[in-house]
Amino acid sequence: MTDPVEHSGSTTAIGPNTTGGALAEPGVPVIRSINWGGLRTLYIKEVRRFFKVQLQTVWAPAMTTLLFLVIFTVATGGKRPVEIGGSVVPFADFLAPGLIVMGMLQNAFANSSFSLLVGKIQGTVVDYLMPPLSTGELLAGMVGGAVTRAVCVGLAVFIAMQFWPGVHLVPRHPLAIIWFGLLGAVFLSFIGVLTSMWAEKFDHAAAVQNFLIAPLTLLSGTFYSVDLLSPAFRIFSQFNPFFYIISGFRYGFLLNADSNILFGGAVVLALDIVMGLVCYTLLRRGWRLKN
């Protein structure tokens, strides 16, 4: 029952669908700007999801990355010089920054490629699509969680490397570290979201990881200077976006790089914008999610 009230000579019922009640008129948005509460909730959900199994999602990748450092420095000699950007640096100092950002990129992809895919497989993808979140808020929440995991892995590897003999990691250009580290993680997060929408089973996501992400990461100059490559392979590196991310991140520690830092930074930013627009458009259409 609703209580009638007199207003301008007419009787109006005060109910839940009128402006005098708890909700707005039908068709009138209640949340008129960014749904900060919903965005924060989704972000916390994404972070808690990987942090509950942090032994698998943070510490295990960090340990794997450290094993690369141990094996390569022991096998080749940590003080073997590497020429980069006209300067000679110890191999361990050259290798360490590339390993850090490599771990960040792979884990950013792993986190975002799991979000929607597990919902599709378990039939709970509606939990992402039904809440009052805009497409941009949904995308920001998933990407934010993936970037957070990447940062956690990067920090864990960085701290552990401080105790490995022969490695001298000193941040000399923090802006380059933040720029290439975060934008690189965002780039891989967008690729993960696309994979999560496209894939129908875990094998599909694993195929993208094993046949696209891993080869491009390993062939991006992480373990070697591209100046040592033949001209053909050097040209291939110029078209590998991972090369610019790793080279720019390494510049933040060594102040030397295989590529032009300003050009590489612009390339990574442009790729993030393009991938963000692609993800936003497909997610808004519900591509392979609402069928």
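Residues numbered from 1 in each chain as written. Predicted model: local features only at pLDDT ≥ 70, side-chain atom pairs only at ≥ 80, totals over all residues. Heavy atoms only, no water.

(A) Quick look at the confidence of the model for the protein. For the protein, per-residue confidence averages 87 on the pLDDT scale, and 88% of positions sit at 70 or higher. Looking at the elements of the protein, mean pLDDT is at its lowest for strand β2 (residues 10–13), recorded as 41, and at its highest for helix α6 (residues 174–198), recorded as 97. pLDDT under 50 marks residues 1–21. Its contacts with residues more than four places away, or in other chains, come to 25 contacts. (pLDDT = per-residue confidence, 0-100. Helix = DSSP H or I, 4+ residues; strand = E, 2+ residues; numbered from the N terminus. Contact = heavy atoms within 4.5 Å.)

(B) Region of interest: the packing of helix α5 (residues 135–161) against α6. At their nearest, the axes of α5 and α6 sit 9 Å apart, and the two run at 125 degrees to each other. Here α5 lies oblique to α6, going by the angle between them. The handedness of the crossing between α5 and α6 comes out as right-handed. Note on element contacts: α6 touches α5 through L182, A185, V186, S189, F190 and V193, opposite L139, M142, V143, A146, V147, A150 and V151. Broken down by class, the residue content of the contact of α5 with α6 amounts to 12 nonpolar, one polar and no charged. (Axes fitted to C-alpha atoms, helices over the stretch in contact; angles between N-to-C directions. Parallel < 35°, antiparallel > 145°, perpendicular 65-115°, else oblique. Left-handed = near helix turned anticlockwise from the far one by under 90°. Nonpolar A, V, L, I, M, F, W, Y, C, P; charged D, E, K, R; others polar.)

(C) Seen up close, helix α1 (residues 36–51). Taking 1.5 Å per residue as the helical rise, α1 with its 16 residues ought to reach 22 Å, and the 22 Å between its terminal C-alpha atoms agrees with that figure. The set of residues buried in α1 consists of G38, L39, L42, E46, V47 and F50. Down the axis of α1, the buried side of the element spans an arc of 170 degrees, and every buried residue falls inside it. Projecting away from the buried face of α1 at angles above 90 degrees are the exposed residues W36, R40, T41 and R48. Where α1 is buried, its residues meet α2 (54–76), α3 (91–122), α4 (126–129) and α5. (Expected span 1.5 Å × (residues − 1). Buried < 20%, exposed > 50% of the residue type's maximum accessible area, 1.4 Å probe, protein only. Arc of directions from axis to C-beta.)

(D) The packing of α3 against helix α7 (residues 202–218), seen in detail. The geometry of α3 relative to α7 is characterised by a closest axis approach of 11 Å and an angle of 165 degrees between their N-to-C directions. Here α3 lies roughly antiparallel to α7, going by the angle between them. Handedness of the crossing formed by α3 with α7: right-handed. Along its contact with α3, which presents M102, Q106, F109, F114, L117, V118 and I121, the element α7 presents F202, A205, V208, Q209, I213, A214, T217 and L218. When the residues that make up the contact of α3 with α7 are grouped by side-chain class, the tally is 12 nonpolar, three polar and no charged.

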